[in-house]
Amino acid sequence: WAWGNGVYGQLGLGDVKDRLVPARVGGREVFNGVQVLMAACGDWHTLAVTKAGDLWSWGEGEDGVLGHNNANDRLVPTQVEAQHFGHAKIVSAAAGESHSAAITEHGALYTWGMGTFPEEEEESDEEDAEEEKVPGGLG
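Calculation criteria
- Residues numbered from 1 in each chain as written.
- Predicted model: local features only at pLDDT ≥ 70, side-chain atom pairs only at ≥ 80, totals over all residues.
- Heavy atoms only, no water.
- Helix = DSSP H or I, 4+ residues; strand = E, 2+ residues; numbered from the N terminus.
- Buried < 20%, exposed > 50% of the residue type's maximum accessible area, 1.4 Å probe, protein only.
- Contact = heavy atoms within 4.5 Å.
- Areas by Shrake-Rupley, 256 points an atom, 1.4 Å probe, with all protein chains shown as cover.
- Phe/Tyr/Trp six-rings, centres within 6.5 Å; stacked < 30°, edge-to-face > 60°.
- Polar contact = N/O pair within 3.5 Å; in protein donor to acceptor, adjacent residues only side chain to side chain.
- Salt bridge = Lys/Arg side-chain N within 4 Å of Asp/Glu carboxyl O.
- Patch = residues over 30% accessible without salt bridge, like charges linked within 9 Å, V, L, I, M, F, W, Y side chains within 5 Å.
- pLDDT = per-residue confidence, 0-100.
- Core = buried A, V, L, I, M, F, W, Y, C linked by side-chain atoms within 4.5 Å.

Along the protein, the regular secondary structure elements total zero helices and 10 strands. Mapped in sequence order, the helices and strands of the protein form the string β-β-β-β-β-β-β-β-β-β. Residues classed as buried in the protein amount to 40% of the 139 residues present. A separation threshold of at least 6 residues defines the contact pool for the protein, and within that pool the share at least 24 residues apart is 40%. Entry remark: accessible area of the protein is about 8000 Å², with carbon and sulfur atoms responsible for 49%.

Next up on the list: the packing of aromatic side chains. Taken as a whole, this structure holds five aromatic pairs when the rule is applied. When the centroid spacing of 5.3 Å and the interplanar angle of 90° are considered together, the rings of Phe85 and Tyr110 count as edge-to-face. Of this pair, Phe85 sits in the loop between strand 6 (74-79) and strand 7 (90-95) while Tyr110 sits in strand 9 (residues 109-113); the two residues are 25 residues apart in sequence, bridging distant segments of the chain. Using a relative accessible area of 3% as the deciding quantity, one classes Phe85 as buried. Measuring from ring centre to ring centre gives 5.8 Å for Phe85 and Trp112, while their planes differ by 55°; the resulting arrangement is tilted. Here Phe85, found in the loop between strand 6 and strand 7, pairs with Trp112, found in strand 9; they are 27 residues apart in sequence, far enough to count as distant. Per residue, the accessibility class of Phe85 equals that of Trp112, and both read buried.

This brings us to the side chain of His68. For His68, the position within the fold is in the loop between strand 5 (55-59) and strand 6. A polar atom in the side chain of His68 sits 2.8 Å from the side chain of Ser57. Aside from chain neighbours lying at most four places away, what touches His68 is Ser57, Arg74, Thr78, Gln79 and Val80.

Across all of its chains, the model carries one salt bridge by this definition. The shortest N-O distance in the salt bridge between Arg19 and Asp15 comes to 2.9 Å. Owing to a relative accessible area of 21%, Arg19 belongs among the partly exposed residues under this scheme. Classification of Asp15 as partly exposed rests on a relative accessible area of 21%.

The next point concerns a nonpolar patch on the surface. There is a patch of nonpolar side chains on the surface, built from Val16, Leu75 and Val76 and spanning about 220 Å² of accessible area. Mapped onto the secondary structure, Val16 falls in the loop between strand 1 (2-4) and strand 2 (19-23). Given the relative accessible area of 47%, Val16 is considered partly exposed.

Any residue range with low pLDDT should be treated as having predicted coordinates unsuitable for detailed reading. Summing up the model confidence of the protein, the mean pLDDT is 87 and the portion of residues at 70 or higher is 83%. Taken as a whole, residues 120-127 scores under 50 in pLDDT and shows five contacts with residues more than four places along the chain or in a different chain. A low-confidence stretch, residues 135-139 (pLDDT under 50), is modelled with eight contacts involving residues beyond four sequence positions or located in other chains.

As a further point, take the nonpolar core. Counting 13 residues, the largest nonpolar core has Leu47, Leu55, Phe85, Ile90, Ala102 and Trp112 as its most contacted members. When residues of this core are traced back to their parent elements, those giving at least two are strand 4 (45-50), strand 7 and strand 9. Ranked by the residues each element gives to this core, the list is headed by strand 7, at three residues. Within the second largest apolar cluster, eight residues are counted, among which are Ala2, Leu11, Val30 and Trp56.

In structure tokens, the structure reads:
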């Protein structure tokens, strides 16, 4: 369920309209019909982790925060390719203002998005949008 400001599609409802009351994010076809365990909300994007261990993202894609190796916005939940996480299942995720993070079932932490403060950022580079595994993970 989602409601509030939808300016970048961060509500996942297929448009950029605001919602004043809760609206269901998709039906059975969304998330491959798998139950969502958790959602994380950034300023303008949203992440969801399913019971199958898949990560989904939608909203504003600036700085690569959605994890799709580009800066495109997504108006509906879109699955992040498992290869970015070594095909490991995702158990948790977090969304910040300009970055995202996910933890795998093995305790590896992956982060992606903007790696500098906005005032220091000179130009966005698509290479910076790639996920990076934090050395040593959390295990």
